[in-house]
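# Reading the structure
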Amino acid sequence: FQGVRISLFNYNDTGKPGGYADFDNFTVDEPRARGVERALPIGRTIILSSGADGSLLAVDTQKMSLVNIAADTSAAAGQNAQFQVVDLGQGHVALKTASSRLVSVADDVVILKNLTGKMPGEAEWFQWINLMRGDTMLMSLVNHRYLTTKPHNPGVVAISATGPRPDRKGGACFRWKTIQ
């Protein structure tokens, strides 16, 4: 529950029908009504880095999977670490690689699929979630789990996180930067 609608109410705890609430006035003070959110980078090419250790999400072209790599490797500067954000509506996105493959979910494993000429299915849909500290999480619509890396341990990216850690160091929170 996000609590996105404001309301005033009176809770009747007498067990008898009826009652009312009469409010003369109320004020909502939202100094940061949009928080620290940025608009989704729809149609843009981005790089996703882990909030835990700065590693980058990248494509493993040999295994056709998603991995995290150290940000200071030569592969980090290449197209394998770039993703186009495809709009699927209502905050849902797909991530397309430079080779036009889509990031896809199979059980708790993240793979890459070639869907040439086909629309992305549920396995390729992610809910883009902006958090209050400016980081982002990507939730699979298949298993309602989040993309996650193992901090300080480059390797295969999973789709197993159930949410963010309070310190954002669990590997499920990402920062993104627009390339084009």
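Residues numbered from 1 in each chain as written. Predicted model: local features only at pLDDT ≥ 70, side-chain atom pairs only at ≥ 80, totals over all residues. Heavy atoms only, no water.

## Re the side chain of Ser50
Inspection of the secondary structure assignment puts Ser50 in strand β1 (residues 45-50). Within the structure, Ser50 has its side chain in polar contact with the backbone nitrogen of Ala52 (distance 3.1 Å). A polar atom in the side chain of Ser50 sits 3.4 Å from the side chain of Asp53. Setting aside chain neighbours within four positions, we find Ser50 in contact with Ser55, Thr149, Gly171, Cys173 and Phe174. (Helix = DSSP H or I, 4+ residues; strand = E, 2+ residues; numbered from the N terminus. Polar contact = N/O pair within 3.5 Å; in protein donor to acceptor, adjacent residues only side chain to side chain. Contact = heavy atoms within 4.5 Å.)

## Notes on a nonpolar patch on the surface
Nonpolar side chains collect at one region of the surface, where Ile6, Leu8, Phe23, Phe26 and Val28 lie side by side and expose about 470 Å² of accessible area between them. Considering the arrangement of structural elements, one finds Val28 in the segment before β1. (Patch = residues over 30% accessible without salt bridge, like charges linked within 9 Å, V, L, I, M, F, W, Y side chains within 5 Å. Areas by Shrake-Rupley, 256 points an atom, 1.4 Å probe, with all protein chains shown as cover. Salt bridge = Lys/Arg side-chain N within 4 Å of Asp/Glu carboxyl O.)

## Side note on unusual backbone geometry
Located in the positive-phi region is Met64, a residue other than glycine, with phi close to 50°. Looking at the secondary structure, you find Met64 in the loop between β2 (56-60) and β3 (65-69). In this structure Met64 comes out as partly exposed when scored by relative accessible area, which is 26%. Backbone geometry at Arg168 places phi at a positive 60°, although glycine is not the residue there. The residue Arg168 is located in the loop between β12 (158-161) and β13 (174-178) in this model. (Buried < 20%, exposed > 50% of the residue type's maximum accessible area, 1.4 Å probe, protein only.)

## A short note on the pairing of β3
For β3, a buried count of five out of five residues is recorded, marking the element as mostly surrounded by other parts of the structure. Alternating residues of β3 divide into Ser65, Val67 and Ile69 and Leu66 and Asn68, and every residue in both groups is buried. With antiparallel pairing between neighbouring strands as the criterion, β2 and β3 make up a hairpin whose turn holds four residues, including Met64 at a positive phi of roughly 50°. (Pairing = 2+ DSSP bridges.)

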